[in-house]
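# Descriptive analysis of the structure
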Amino acid sequence: MRIFTRIKHILNNHSELNLEIEKIKKKLNNHDKNLEIVFKYLDELIGKHSDQNQFPEIGFKVGKD
């Protein structure tokens, strides 16, 4: 009888572990999606920022005239 209760206990713990693992997998999938969105927006911001940095050169220009 003790063996059967022990097996039942082990199986219950195993199923609880499976549930916890599934929860972690779902969280990781959500984090992956969120990171993709963040990197997408960062790429867009970098593209916009590089366009705005086209300042004309200032100062004296010495020609070879």
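Structure: see above.
Notes on the structure in this doc start here.

Criteria and thresholds
Position numbers for residues count from 1 along each chain, tracking the sequence in the order it is written. Only residues with pLDDT of at least 70 get local features here, since the model is predicted, and only at 80 or more are side-chain atom pairs given and counted; chain-wide, interface and lining totals rely on the full set of residues. By convention in this description, side-chain values take in all heavy atoms of the structure and omit both hydrogens and water. Runs of E in the DSSP output that reach at least two residues are strands. Runs of H or I that reach at least four are helices, and both are numbered from the N terminus. Working definition: with a 1.4 Å probe on protein chains only, accessible area under 20% of the residue-type maximum means buried, over 50% means exposed, and in between means partly exposed. Throughout this description, the term salt bridge denotes a Lys or Arg side-chain nitrogen within 4 Å of a carboxyl oxygen of Asp or Glu. To count toward a patch, a residue needs a relative accessible area over 30% and no salt bridge; like charges are then connected within 9 Å, while nonpolar side chains (Val, Leu, Ile, Met, Phe, Trp, Tyr) are connected within 5 Å. Note on areas: Shrake-Rupley, 1.4 Å probe, and residue coverage restricted to the protein chains presented here.

A tally of helices and strands in the protein yields one helix and zero strands. Here the protein holds 65 residues, and 0% of them are scored as buried.

With that settled, consider the pattern of salt bridges. Taken as a whole, this structure holds two salt bridges when the rule is applied. For E20, the salt bridge goes to K23, with nearest N and O atoms at 3.7 Å. Of this pair, E20 and K23 both sit in helix 1 (residues 2–52), three residues apart, roughly one helical turn. In this structure E20 comes out as partly exposed when scored by relative accessible area, which is 41%. Relative accessible area serves as the criterion here: at 48%, K23 is assigned to the partly exposed category.

What follows deals with a nonpolar patch on the surface. Taken together, the side chains of L35, V38, F39, L42 and L45 define a hydrophobic patch exposed on the protein surface, amounting to about 470 Å² of accessible area. Within the fold, V38 resides in helix 1. The class for V38 is partly exposed, based on a relative accessible area of 43%.

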